[in-house]
Amino acid sequence: MGRLLFIDWLKGVFVIWMVPTHAFDGLFPYELKSTPLYQSIAFFNGLVAPVFLLSSGFLAVYTFKGEKIYQRLRRGVELMAFGYFLQMPTSSIPKMFVNPQSVLEGINIFQRVDILICIGLGVIVLSSLLYVVRDKLKRVLLFLFLAFFFWYFSPFINKFGENLPPFIAPYFSFKNSLFPPFPYWGYFFFGSALASAFLLNRKIFFALSLIPIFALFLN
């Protein structure tokens, strides 16, 4: 499969957008953060993670090869392992001798689900589905169903997940979590549906592409 220029542009634009806005956000005074202009900027900052998840879901389908399923599953495990490695509570180890509470804080940080863990686990689940479901039309319908399922049921799952054990709760709620699968897998599976439609029929792909554009203008 060749490179897709529109995916490169999509990721590139949001990387360029993300770096300066995140870097300078902490320097803005509180008065500025209460203005409509800042709220508009914050809204577009919130689109960065969904765009990365959507593009990851798209590329996971577009580059999928059944004979390389084990390499893809290993890639998902590696992403999750790297995500957890970045959250290792190494900074809290020296503090534990002075303040034992810092150990609990380090554990809370370590067990949260960040963007790499969310994508890594998504790659494992998606690759398994792609290996089982080979028909492109069935893939489009399945991934569309999963996308709207994760979006619609997220408020209920998030509330339920708050009462789950600590190492499980971050996968189902925002408790000690940054990017739980509910709702972020909705964007991941929608990207998978777009890629399946792209490989099936460009008209269907164009029609599905209007959904996020319409949602963006609606917001």
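Look a little higher up for the structure.
Our subject in this report is the structure included herewith. (Residues numbered from 1 in each chain as written. Predicted model: local features only at pLDDT ≥ 70, side-chain atom pairs only at ≥ 80, totals over all residues. Heavy atoms only, no water.)

**Comments concerning the pattern of salt bridges**
- Scanning all chains against the criterion turns up 3 salt bridges.
- With a closest N to O distance of 3.7 Å, E78 and R74 form a salt bridge. Taken together, the residues E78 and R74, both in helix α5 (residues 69-86) and 4 residues apart, mark about one turn of the helix.
- Its relative accessible area of 39% is what places E78 among the partly exposed residues.
- Classification of R74 as exposed rests on a relative accessible area of 52%.
- E78 is the partner of R75 in a salt bridge, and the nearest nitrogen-oxygen pair spans 3.9 Å. With R75 and E78 both in helix α5 and 3 residues apart, the pair spans about one turn of that helix.
- Overall, the relative accessible area of 46% leaves R75 in the partly exposed class.
- Via salt bridges that share partners, R74, R75 and E78 belong to a single interconnected network. (Salt bridge = Lys/Arg side-chain N within 4 Å of Asp/Glu carboxyl O. Helix = DSSP H or I, 4+ residues; strand = E, 2+ residues; numbered from the N terminus. Buried < 20%, exposed > 50% of the residue type's maximum accessible area, 1.4 Å probe, protein only.)

**Structural notes on helix α1 (residues 5-25)**
- A rise of 1.5 Å per residue sets the reference length of α1, with its 21 residues, at 30 Å; its end C-alpha atoms lie 30 Å apart and thus fit the reference within 8%.
- Residues of α1 that are buried make contact with α3 (36-45) and α4 (48-62). (Expected span 1.5 Å × (residues − 1). Contact = heavy atoms within 4.5 Å.)

**Concerning the nonpolar core**
- Core analysis: the biggest nonpolar cluster contains 42 residues, and F58, C118, L126, F143, F188, F189 and L194 have the highest contact counts within it.
- Considering every element that reaches this core, the biggest residue donor is helix α9 (residues 181-200), with 11 residues.
- Among residues more than four places away in sequence, those in contact with C118 are L53, V113, F179, P180, P181, Y184 and W185.
- In this structure, F14, L47, V51 and F52 belong to the second largest nonpolar core, which totals 5 residues. (Core = buried A, V, L, I, M, F, W, Y, C linked by side-chain atoms within 4.5 Å.)

**What to know about the packing of helix α7 (residues 115-132) against α9**
- Direction vectors running N to C along α7 and α9 enclose 50°, while the axes themselves pass 11 Å from each other. What the angle tells us is that α7 and α9 run oblique. In this structure, the crossing between α7 and α9 has a hand that is right-handed. From α7, C118, I119, L121, G122, V123, V125, L126 and L129 reach across to α9, where they touch P181, Y184, W185, F188, F189 and S192. (Axes fitted to C-alpha atoms, helices over the stretch in contact; angles between N-to-C directions. Parallel < 35°, antiparallel > 145°, perpendicular 65-115°, else oblique. Left-handed = near helix turned anticlockwise from the far one by under 90°.)

**Considering unusual backbone geometry**
- For the peptide bond that leads from F182 to P183, omega is 15°, which places it in the cis range.
- With respect to the element layout, P183 can be found in helix α9.
- One non-glycine residue, N176, lies in positive phi territory at about 55°.
- Here N176 lies in the loop between α8 (136-161) and α9.
- By relative accessible area, N176 is classed as partly exposed at 33%.

**Notes on the side chain of S173**
- Position of S173 relative to the elements: it lies in the loop between α8 and α9.
- Apart from the residues lying within four places of it in its own chain, the contact partners of S173 are N158, G161, E162 and P180.

**Topic: α9**
- Along its 20 residues, α9 runs 27 Å from first to last C-alpha, staying within 8% of the 28 Å computed at 1.5 Å per residue.
- Taken across its 20 residues, α9 has 17 buried, putting it largely inside the fold.

**Considering a nonpolar patch on the surface**
- Together, W17, F43, F44, F206, L210, I213, L216 and F217 line one region of the surface with nonpolar side chains, adding up to about 800 Å² of accessible area.
- The dominant element in the nonpolar patch, judged by the number of residues it contributes, is helix α10 (residues 202-218), at 5 residues.
- You can see F217 is positioned in helix α10.
- Look at F217 and you get exposed, because its relative accessible area is 70%. (Patch = residues over 30% accessible without salt bridge, like charges linked within 9 Å, V, L, I, M, F, W, Y side chains within 5 Å. Areas by Shrake-Rupley, 256 points an atom, 1.4 Å probe, with all protein chains shown as cover.)

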